[in-house]
Amino acid sequence: MNEHFDPRVTPWQIEESEFYELESFDGQMRFLLQYAVLAPSGHNTQPWSFRIVKDGVEVFADYERRLPVIDPTDRELLMSVGAAIMNFRIAAAHFGFDTSVMYDPRPEEQTAVALISAVETCSPDGSLTPLFGAISKRRTNRALFDAEPIEPQALSHLCEVIDRFPETLRLILPQDKNRVAGMVEESARVRMARPAFRAEIADWIRADDGQHSDGISSEALGVPHVLAAGATWFLRQFDFGEWQAPRDRRLAESASALILVTGDDERVPLIRAGEAMERLLLTITDVGLQYSFLNHPAAVKGMRERIGDLAGASQPAQLLIRIGFAPPVEQPMPRRDLASVIARTE
Ligand SMILES: Cc1cc2nc3c(=O)[nH]c(=O)nc-3n(C[C@H](O)[C@H](O)[C@H](O)COP(=O)(O)O)c2cc1C
């Protein structure tokens, strides 16, 4: 790792003009991958790797970065990979490429989950290019929102992306918000009561000291840097549900809108759900709103079906996203050095 590499800063500072000095296709693909790795991922595990090939990029899910307790069937892992694919495609469109994705449904862990082919074009996908600027501005924001109604113009942009993926993005009606907030509280209590669940969260909490290139900084979770070690110790020892569950309920209640992400529990539908999710998150960012995740109801048996029914979903619930107003998060989460996620071509 280069000695000036700060994982919290360097990956987010991409000099756009450098793209136009690149002469090889390989160099261009590598450049675009800088945007792919800015995608969100469960607990900032960044469970992806890439190989640049003749006509594009092969995308791999990195199962060594899985969360076996929080995400036992790799649903969030695959959606995170989908988010990285979407970022790549948006960046590719911005720099003048048409992309198409071929997915591999086979469950083998060593094979690429997708091949993104990229071809230069004079008319890149106009539904992707407007989201480019949001890639490096997007942050998960875990603050309380102020529950104000969303302005009509922003709402129409959100509805556009929801209408594009009617099977995957389900708007929860305002009159159901408090019921969903209750589900969030109940399911958070169930999950937080499990010591293994809390231990896995603790495993991915990091001190915000510039030494870590993955995981979530304690400050993003509302715990000051100096208390990080103590907080993870407490999390492992005690059932935090009593404190966390009502807090999660308030976070849901403070939302201006709630959206359920749904998709079949298979590799390809999950990757595609992740792509739709990222389009949504970038649109939220683009219109100046904030978001975070409250996924507990989608992960607890019984509750998962209830929230799906409430949202009129025809596919299983995967993620719950709340949207609203709050001051933006300034400091981005760290990312791994790009070189460590690009496989060498033989
Ligand atoms: C599939 C998926 C699931 C996530 N689940 C949660 C969650 O349950 N709680 C949470 O606070 N953040 C969740 N996140 C947000 C990640 O923690 C976040 O993306 C990561 O820490 C990187 O930070 P950034 O989004 O600000 O770049 C999730 C992200 C993805 C893509």
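Residues numbered from 1 in each chain as written. Predicted model: local features only at pLDDT ≥ 70, side-chain atom pairs only at ≥ 80, totals over all residues. Heavy atoms only, no water.

Whenever I open this one, the overall build of the chain confuses me. Can you help?
From N to C terminus, the chain includes 10 helices and 11 strands. Over its C-alpha atoms the chain spans a radius of gyration of 19 Å, differing by no more than 12% from the 20 Å that the globule rule assigns to 346 residues. The buried share of the chain, taken over its 346 residues, is 54%. Expressed as a percentage of contacts within the chain between residues at least 6 apart in sequence, the contacts between residues at least 24 apart total 79%. Carbon and sulfur atoms form 51% of the exposed surface of the chain, whose accessible area is close to 15,800 Å². Once the 36 positive and 51 negative side-chain charges of the chain are each reduced to a mean point, those two points are 5 Å apart. (Helix = DSSP H or I, 4+ residues; strand = E, 2+ residues; numbered from the N terminus. Rg over C-alpha atoms; globule rule 2.2 N^0.38 Å. Buried < 20%, exposed > 50% of the residue type's maximum accessible area, 1.4 Å probe, protein only. Contact = heavy atoms within 4.5 Å. Areas by Shrake-Rupley, 256 points an atom, 1.4 Å probe, with all protein chains shown as cover. Lys, Arg positive; Asp, Glu negative; His and termini not counted. Charge placed at Lys NZ, Arg CZ, Asp CG, Glu CD.)

Even after reading the chapter, I still don't get the domain arrangement of the chain, so can you show me in this structure?
How big an interface is tends to be expressed through the accessible area that disappears when the partners come together. According to the domain assignment, the chain contains domain 1 (10-138) and domain 2 (152-324). Between the C-alpha centres of domain 1 and domain 2 there is a distance of 22 Å. On the side of domain 2, 37 residues touch domain 1, which itself brings 42 residues to the contact. Across the interface of domain 1 and domain 2, roughly 3,200 Å² is buried in total on both sides, 62% from carbon and sulfur atoms. Broken down residue by residue, the surface that domain 1 buries against domain 2 is led by R75, M79 and Y103, which jointly contribute 22%. A salt bridge links D214 to R65; its shortest N-O distance comes to 3.1 Å. (Domains from an automatic or database assignment. Buried area = accessible area lost by both parts, 1.4 Å probe. Salt bridge = Lys/Arg side-chain N within 4 Å of Asp/Glu carboxyl O.)

Help me understand the packing of aromatic side chains, please; the structure alone is not making it clear to me.
To describe a pair of aromatic rings, one takes the distance between the centres and the angle between the planes. By the definition in use, this model includes 15 aromatic pairs. Consider the rings of W233 and F234, whose centres lie 5.3 Å apart with planes at 85°: the pair is edge-to-face. A residue is classified by how much of its surface remains accessible, and F234, at 43% relative accessible area, is partly exposed. Relative accessible area serves as the criterion here: at 47%, W233 is assigned to the partly exposed category. Here the aromatic cluster, defined as three or more aromatic residues joined through ring pairs, consists of F19, Y20, F31, Y35, F95, F97 and F132. Taking the ring centre of W12 as reference, the NZ or CZ of R139 above it sits at 4.9 Å. The aromatic ring of F145 is capped on one face by R322, whose charged end is 3.7 Å from the ring centroid. (Phe/Tyr/Trp six-rings, centres within 6.5 Å; stacked < 30°, edge-to-face > 60°. Lys NZ or Arg CZ within 6 Å of the ring centre and 35° of its normal.)

Sorry, what's going on with the packing of helix 2 (residues 75-94) against helix 8 (residues 267-286) here?
Packed helices, taken two at a time, are described by the angle between their axes plus the distance between the axes. Two elements in contact, helix 2 and helix 8, have axes separated by 6 Å at closest approach and are oriented at 55°. Judged by the inter-axis angle, helix 2 sits oblique to helix 8. When the axes of helix 2 and helix 8 are compared, the crossing they make is right-handed. Here R75, L78, M79, G82, A83, I85, M86, N87, R89 and I90 of helix 2 come into contact with helix 8, specifically with R267, L270, I271, A273, G274, E275, M277, E278, R279 and L282. (Axes fitted to C-alpha atoms, helices over the stretch in contact; angles between N-to-C directions. Parallel < 35°, antiparallel > 145°, perpendicular 65-115°, else oblique. Left-handed = near helix turned anticlockwise from the far one by under 90°.)

How do you make sense of the nonpolar core when you look at a structure like this?
Nonpolar side chains in soluble globular proteins tend to be buried together. With 69 residues, the main nonpolar core has L32, L33, F50, V59, F88 and I323 as its most contacted residues. Per-element accounting of this core gives the leading share, 13 residues, to helix 2. Two domains each put at least three residues into this core: domain 1 (10-138) and domain 2 (152-324). Setting aside anything within four residues of it in sequence, one finds V59 in contact with S49, F50, V81, I85, A112, V113, A114 and I116. (Core = buried A, V, L, I, M, F, W, Y, C linked by side-chain atoms within 4.5 Å.)

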